[in-house]
Amino acid sequence: MKELTLKEQGELNYTISARNIPRLRVDPGEVVLVETEDAFSGQVRKEGDRRDMKAVPYPNPQSGPIYVNGARGGDTLAVKIERIEPLIGQGATRIVSFWYTSKFDTELIHRFLNYDGIPHGTRICPIRDGKVYFDKFVLPYRPMIGTLSTADPFETYLTWFPGPHGGNMDIAEVTSGSTVYLPVRVEGALLHIGDVHAVQGDGELSGAAVEMPSRTTLRLDLRKGQTISMPRLENDEMLYAIASTETGRGLEDAIRLAFLELSLWIETDYSIDRWLAFELLTFTATIKVGNFWTVAVGVPKSHLREGLKR
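Residues numbered from 1 in each chain as written. Predicted model: local features only at pLDDT ≥ 70, side-chain atom pairs only at ≥ 80, totals over all residues. Heavy atoms only, no water.

(A) Quick peek at the environment of Gln-62. Within the secondary structure, Gln-62 is located in strand 5 (residues 62-68). With a relative accessible area of 0%, Gln-62 lands in the buried category. In this structure, the C-alpha to C-alpha distance between Gln-62 and Val-96, residues 34 residues apart in sequence, is 20 Å. Of note is the side chain of Gln-62, whose polar atom sits 3.3 Å from the backbone nitrogen of Ile-193. (Helix = DSSP H or I, 4+ residues; strand = E, 2+ residues; numbered from the N terminus. Buried < 20%, exposed > 50% of the residue type's maximum accessible area, 1.4 Å probe, protein only. Polar contact = N/O pair within 3.5 Å; in protein donor to acceptor, adjacent residues only side chain to side chain.)

(B) Spatial organisation of the pairing of strand 17 (residues 214-223). Summarising the sheet, strand 4 (residues 31-36) and strand 17 pair through 6 bridges and their orientation is antiparallel. Residue Val-32 lies in a different strand from strand 17, and its bridge partner there is Leu-218. (Pairing = 2+ DSSP bridges.)

(C) Helix 4 (residues 274-284), seen in detail. Where helix 4 is concerned, the buried positions are Ala-277, Leu-281 and Thr-284. Across the axial projection of helix 4, the buried residues extend over an arc of 80°, all falling on one side. Of the exposed residues in helix 4, those oriented more than 90 degrees away from the buried face are Trp-275, Leu-276, Thr-282 and Phe-283. The residue sitting at the N-terminus of helix 4 and contributing the capping side-chain oxygen is Asp-273; that oxygen lies 2.9 Å from the backbone nitrogen of Trp-275. (Arc of directions from axis to C-beta.)

(D) Layout of the sheet that holds strand 4. If you trace the 9 strands from one edge of the open sheet to the other, you get 1-4-17-6-15-18-19-21-20, paired in mixed fashion. Edge strands, defined here as strands with exactly one partner in the open sheet, are strand 1 (2-4) and strand 20 (286-289). When strand polarity is set aside, the average angle formed by the axes of neighbouring strands in this sheet is 25°. Direction of pairing for strand 1 relative to strand 4: parallel, over a ladder of 3 bridges. Among the inter-strand pairings, Leu-4 is bridged to a residue of strand 4, identified as Val-34. (Axes fitted to C-alpha atoms, helices over the stretch in contact; angles between N-to-C directions.)

(E) Molecular detail of the side chain of His-197. With respect to the element layout, His-197 can be found in strand 16 (residues 191-197). Within the structure, the side chain of His-197 is placed 3.0 Å from the side chain of Gln-200, a separation counted as a polar contact. Setting aside chain neighbours within four positions, we find His-197 in contact with Arg-142, Pro-143, Met-144, Gly-146, Asp-170, Glu-204, Ala-209, Val-210, Glu-211 and Met-212. (Contact = heavy atoms within 4.5 Å.)

The values are spatial; any link to function lies outside them.
Below, the structure is given as structure tokens:
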């Protein structure tokens, strides 16, 4: 197993780009252990710490990129998440004030805020024995990877945005036991990883989960010649297609695109006609919301296996 520690990583990346220098090279099928910094760049370690936006203006630093030997444009990178561990035994959270913008300037928002503005909400959250300690609450440790992506030959993405490359999806199902499929668009794929959470609910309402530095174990493989247009996710029970919003595309449109992508995936892998799959999803689909920008549309694999028997 190869390792990429934070010390070996050196400078972290705040963009997802084909111009970022690979920090590690692996063969398909290899397991790699990657250390990641938290979304606050390590600035919030104790009570009273605050984000210093002047020193580090951007969130979600990324480890990598990891170069996968043999990966070429048109392939698919399969990222099996084997284990996610806290690096320092704690995480941190805060309320990100930009979430409340002027377009939500309604009577309800004013009433909720009580005209006093938004508190910083910063808290240190110990992690031990499978639990996350948030204020007076004891939550289950349910780690997930917030940002996971490959590079694009033409676009440079900021690390807090999602897109067809993956990016800041914040889908809770990106967790141990899941395989995330990402499109390969550049030689080596150039996998970026960061923004790991100890626990996060659908929507990531406050703009930050329990953000933690991590030791994450991945198995990287290739599906040669298989081209996908957006991220996909598979676990023992479900298939998910993942789509995101962008300029001119709202969450409703992203949901529709994820449904279409999932229908095509079912047709290809399960030999079920896309329109029959389309109707099946009408009765059986599950929708998971990431960070209000990303959605995962899923279907139980049991239904698809049942269809193959008939």
